[in-house]
Amino acid sequence: MTTPQLTPQAPSSTNPVLRVPPASPAAAAAYFGASLAFHADVSDVAAVLQAGGEAGFVVLDSRSTEAWDQGHVPGAIHLPTALIPEQAEGLLDKSVPVVTYCWGPGCNGATRAALALAELGYQVKEMLGGIEYWLREGFEVETWEGRQKRDADPLTASIGAENCGC
């Protein structure tokens, strides 16, 4: 059996996916490599924190006090974005990378916090999905009442598997 050969096609103005052709493999590698340098996945952060020992980074919740009190990543540092310029040096070590998070994909608070920290000289990544996807994937949160855990959302997390396999 022979494998059909795909012939590159000129982009079609009727094909919305290929209206703008894909980047070259080298450009795509540079872009996706850079993306991984700027972002951390909720599942990866959780796996490192749950493994115990030295994580090699700190997690920073940039939301308001009211939001923090509703639940936050266990062990996270609370530092609302507006307070970063005046309080970061007292809470963070510039030699330790910081992973920021906020509400979720519809909020750019973690991005603004990451920018503020980078401008102060910190190594920083943003946790994709924020606390929303932390909760949706079924990871524990900490509140004033202790730790709480919800069931994972089957639309966003692998149910019955240790991880998604990606």
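The structure under discussion appears in the preceding block.
On a predicted model such as this, the values are computed, not experimentally measured, just so you know.

**Student:** Help me understand the sheet that holds strand β3 (residues 77–78) in this model?
**Tutor:** Where strands meet in a sheet, backbone hydrogen bonds hold them as pairs that are either parallel or antiparallel. Overall, parallel pairing links the five strands, which are arranged β1-β5-β4-β2-β3 in an open sheet. The strands lining the two open edges of the sheet, one partner per strand, are β1 (39–41) and β3. As judged from the three bridges shared by strand β4 (residues 98–101) and strand β5 (residues 124–128), these two strands associate in the parallel manner. Across the sheet, V98 pairs through a bridge with V124, a residue of β5. Set on the sheet, helix α5 (residues 109–119) makes contact with β2 (58–61), β4 and β5; between it and β4 the angle comes to about 150 degrees.

**Student:** Whenever I open this one, the pairing of β2 confuses me. Can you help?
**Tutor:** Every other side chain in a regular strand lies on the same face of the sheet, so the side chains alternate between the two faces. Sheet analysis places β2 next to β4, joined by four bridges and oriented parallel. Following the sheet pairing, L60 is matched in β4 by T100.

**Student:** Can you walk me through the nonpolar core in this structure?
**Tutor:** Generally speaking, a soluble globular protein has its nonpolar side chains buried in company with each other. Counting residues in each nonpolar core, the largest one holds 16 residues, and the members touching the most others are V45, V59, V73, Y101, M127 and W134. Counting residues per element, the ones that place at least two in this core are α2 (42–51), β4 and α6 (130–136). Examining the composition of this core, we find that three residues originate from one element, α2, more than from any other. When sequence neighbours within four positions are dropped, the list of residues in contact with V73 reads L49, V59, Y101, M127, I131, W134 and E142. By size, the runner-up hydrophobic cluster in this structure holds 12 residues, among which are L79, V98, Y122 and V124.

**Student:** Which parts of the structure should I look at to understand the environment of A47?
**Tutor:** Within the secondary structure, A47 sits in helix α2. The class of A47 is partly exposed, set by a relative accessible area of 44%. Distance in space between the C-alpha atoms of A47 and F139 is 9.8 Å, their sequence separation being 92 residues.

**Student:** I would appreciate a short explanation of the packing of aromatic side chains in the present structure.
**Tutor:** One pair of aromatic rings is described through two measures. These are the centre distance and the angle between the planes. Scanning all chains against the criterion turns up two aromatic pairs. Plain terms: the ring middles of Y31 and F32 are 5.0 Å apart, the flat faces sit at 80 degrees to each other, and that makes the pair edge-to-face. Neither residue differs from the other here; Y31 and F32 are each classed as exposed. Both rings, one in W134 and one in F139, keep their centres 5.1 Å apart while their planes meet at 55 degrees; by these two values the pair is tilted. Overall, W134 belongs to the buried group, its relative accessible area being 3%. Positioned above the aromatic ring of W103 is the side chain of R63, whose terminal nitrogen or guanidinium carbon lies 4.7 Å from the ring centre. K94 extends its terminal NZ or CZ atom over the ring of Y122, reaching a point 5.5 Å from the ring centre.

**Student:** Would you mind showing me how to read the layout of surface pockets here?
**Tutor:** To find leftover empty space, a probe the size of one water molecule is rolled over the atoms. As a volume, the second largest pocket reaches approximately 280 Å³. Taken together, 18 residues make up the lining of the second largest pocket; nearest its centre are L36, H39, A40, D41 and K125. Broken down by secondary-structure element, the contributors of at least two residues to the lining of the second largest pocket are α1 (25–38), β1, α2, β4 and β5. Grouping the amino acids of the lining of the second largest pocket by side-chain chemistry returns 11 nonpolar, four polar and three charged.

About the cut-offs
Residue numbering note: each chain is counted from 1, following its sequence as written. In view of the model being predicted, local features appear only for residues whose pLDDT reaches at least 70, and side-chain atom pairs are presented and counted only at 80 or more, with totals across whole chains, interfaces and linings using the full set of residues. Water and hydrogen atoms were dropped before computing side-chain values, which therefore reflect all heavy atoms in the structure. When DSSP finds two or more bridges between two strands, those strands count as paired. Think of it this way: any DSSP run of H or I at least four residues long counts as a helix, any run of E at least two long counts as a strand, and we number them from the N terminus. In this analysis, two residues are considered to be in contact whenever any of their non-hydrogen atoms come within 4.5 Å of each other. In this analysis an axis means a line fitted to C-alpha atoms, helices contributing only their contacting stretch, and an angle means the value between N-to-C directions, from 0 to 180 degrees. By convention a nonpolar core is built from buried Ala, Val, Leu, Ile, Met, Phe, Trp, Tyr and Cys residues, the set being connected through side-chain atoms within 4.5 Å. Categorising residues by exposure relies on relative accessible area from a 1.4 Å probe, with only protein chains included: less than 20% of the type maximum marks a residue as buried, more than 50% marks it as exposed, and the intermediate range marks it as partly exposed. Under the pairing criterion, centres of Phe, Tyr and Trp rings, with the six-membered ring standing for Trp, must be within 6.5 Å; the plane angle then separates stacked pairs below 30 degrees from edge-to-face pairs above 60, leaving the rest tilted. Lysine and arginine charges are scored as sitting over a ring when NZ or CZ, respectively, is within 6 Å of the ring centre and within 35 degrees of the ring normal. Lining residues are defined by having an atom within 4 Å of a point belonging to a cavity or pocket. Those points lie on a 1 Å grid over the protein atoms alone, cavities being sets where a 1.4 Å probe fits but cannot get out and pockets being open sets with protein on both sides within 12 Å along at least five of seven lines. Grid points are joined across faces, edges and corners, and a volume is the space filled by probe spheres set on the points. As a working rule, the residues Ala, Val, Leu, Ile, Met, Phe, Trp, Tyr, Cys and Pro are called nonpolar, Asp, Glu, Lys and Arg charged, and the rest polar, with Gly in that last group.

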